[in-house]
Amino acid sequence: MSAPSTLSPRLSLGRVLLFAALGVFALFFLTPLYVMLATSFKTMDEIREGTLLSLPASPSFAAWATAWSSACTGTDCGGLKPFFMNSVLMVLPAVLTSTLIGALNGYVLSKWKFKGSEFMFALLLFGVFMPMQVVLLPMSQVLGWLGIASSVWGLIFVHVIAGIPSTTLFFRNYYVGLPDELIKAAMLDGANFWQIFWRIVLPLSTPILVVTLIWQFTNIWNDFLYGVVFSGADSKPITVGLNNLANTSSSVKEYNVDMAAAMIAALPTLFVYIVAGKYFVRGLTAGAVKG
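The structure contained in this document is the topic of the report that follows. Note that the structure is predicted; figures quoted are calculated from it, not measured. (Residues numbered from 1 in each chain as written. Predicted model: local features only at pLDDT ≥ 70, side-chain atom pairs only at ≥ 80, totals over all residues. Heavy atoms only, no water.)

With that out of the way, let us pick up the overall build of the protein. Helix and strand counts for the protein come out as 13 helices and 0 strands. When the elements of the protein are put in sequence order from the N terminus, they spell out α-α-α-α-α-α-α-α-α-α-α-α-α. Since a compact globule built from 291 residues should have a radius of gyration of about 19 Å, the 25 Å found for the protein marks it as more spread out than a globular shape. Once the C-alpha set of the protein is aligned to its principal axes, its extents read approximately 85 × 75 × 30 Å. Of note, the protein has its 16 positive side-chain charges centred 13 Å away from the centre of its 12 negative side-chain charges. (Helix = DSSP H or I, 4+ residues; strand = E, 2+ residues; numbered from the N terminus. Rg over C-alpha atoms; globule rule 2.2 N^0.38 Å. Lys, Arg positive; Asp, Glu negative; His and termini not counted. Charge placed at Lys NZ, Arg CZ, Asp CG, Glu CD.)

What follows is about helix 3 (residues 62-69). Among the residues making up helix 3, those that are buried are A63, W64 and A67. Each buried residue of helix 3 sits inside an arc of 100° when the element is viewed along its axis, so together they form one side. (Buried < 20%, exposed > 50% of the residue type's maximum accessible area, 1.4 Å probe, protein only. Arc of directions from axis to C-beta.)

Attention shifts here to the nonpolar core. In this structure, M90, V91, F230 and I238 are the most contacted members of the largest nonpolar core, which totals 38 residues. Counting residues per element, the ones that place at least two in this core are helix 3, helix 4 (81-111), helix 6 (136-146), helix 7 (152-176), helix 10 (206-221), helix 11 (225-230), helix 12 (238-247) and helix 13 (255-290). The leading source of residues in this core is helix 13, at 8 residues. With sequence-adjacent residues up to four places away left out, V91 is seen in contact with F217, I220 and W221. (Core = buried A, V, L, I, M, F, W, Y, C linked by side-chain atoms within 4.5 Å. Contact = heavy atoms within 4.5 Å.)

Our focus in this paragraph is the environment of S151. Looking at the element boundaries, S151 is found in the loop between helix 6 and helix 7. Those residues in contact with S151 that sit more than four places away from it in its chain are F230 and S235. Among the polar contacts listed, one links the side chain of S151 to the backbone nitrogen of G154, at a separation of 3.1 Å. (Polar contact = N/O pair within 3.5 Å; in protein donor to acceptor, adjacent residues only side chain to side chain.)

With that out of the way, let us pick up the state of the cysteines. On inspection of all chains with the given rule, the structure shows 1 disulfide. Note that C72 is cross-linked by a disulfide to C77, the S-S spacing being 2.0 Å. The chirality of the disulfide connecting C72 with C77 is right-handed, given an S-S dihedral of about 85°. (Disulfide = S-S within 2.5 Å.)

Taken together, the side chains of L18, F19, L22, V24, F25, F28 and F29 present a nonpolar region at the surface, about 830 Å² in accessible area. Mapped onto the fold, F29 is located in helix 1 (residues 9-40). (Patch = residues over 30% accessible without salt bridge, like charges linked within 9 Å, V, L, I, M, F, W, Y side chains within 5 Å. Areas by Shrake-Rupley, 256 points an atom, 1.4 Å probe, with all protein chains shown as cover. Salt bridge = Lys/Arg side-chain N within 4 Å of Asp/Glu carboxyl O.)

Moving on, we get to the packing of helix 6 against helix 7. When two helices pack together, their arrangement is given by the angle between the helix axes and the distance between those axes. Relative to each other, helix 6 and helix 7 sit at 130°, their axes nearing to 11 Å. In terms of their interaxial angle, helix 6 and helix 7 are classed as oblique. For the crossing formed where helix 6 meets helix 7, the hand is right-handed. In contact with M139, V142, L143 and L146 of helix 6, helix 7 contributes G154, F157, V158 and I161. Broken down by class, the residue content of the contact of helix 6 with helix 7 amounts to 7 nonpolar, 1 polar and no charged. (Axes fitted to C-alpha atoms, helices over the stretch in contact; angles between N-to-C directions. Parallel < 35°, antiparallel > 145°, perpendicular 65-115°, else oblique. Left-handed = near helix turned anticlockwise from the far one by under 90°. Nonpolar A, V, L, I, M, F, W, Y, C, P; charged D, E, K, R; others polar.)

Let's shift gears to unusual backbone geometry. The phi dihedral of S150 is positive, around 55°, even though this residue is not glycine. Residue placement: S150 occurs in the loop between helix 6 and helix 7.

The next subject is the environment of G78. Within the fold, G78 resides in the loop between helix 3 and helix 4. Accessibility expressed as a relative area gives 24% for G78, which makes it partly exposed. Not counting residues up to four positions away in its chain, the partners in contact with G78 are W68, S69, S70 and A71.

Shown next, in the form of structure tokens:
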């Protein structure tokens, strides 16, 4: 006799329906990405003669090359390359600096509390919900006083300041869950403030570090408002370049170049999500094995 099934028919049907629903939702959200990717590999003749969802008959990277190096963004026809490099130069220091400051703030506000620390945390928390438009005028004045207006350094400064409330909130709430006994034991062993932070607290912060880095990278790389307001002619980020490219008037609208440009602008974010997804899946798998 065959062994009885460990799953009831009702449970099996429920799982099938669940996976079917998830599959439909995934297709729904991935369809725009598919359209952008497929269109970027087509020629204009193929786009006019085919359908929106049709696969490219003979895929070509010509539109990608044009978007990268020779597409017109206003009066400049140098493609997205300079804008992309501006974003790289801006994002890396802004993400790392705001994450490090947030980790220090969260460490102090959770494990080294002082008189007025809760009030200071409340003020920082208020910054999380403050509309970005409110700070445009005062921030432009501050950048002018510092002499870094319309520069990549100015954009870095703006994003660091704007990111500190969120990163502080993330790390503070995470560090509250760390046992106070760890800090007290390290202090009894003679460790000072910085030794405890670098050797004990930070090595235990991998999950929240990953979350914060993803959050900050996504927000800063995809930001348009700060980029268009605080950048100069030589410091515009990729989002501003993409907007200029898509809105540049010409006799023939090249949809394949526009889609390729959008994919170029989105590639770093997609890469970060893929790496983060692998990290979280690995963590869930390890947790399931341990359980």
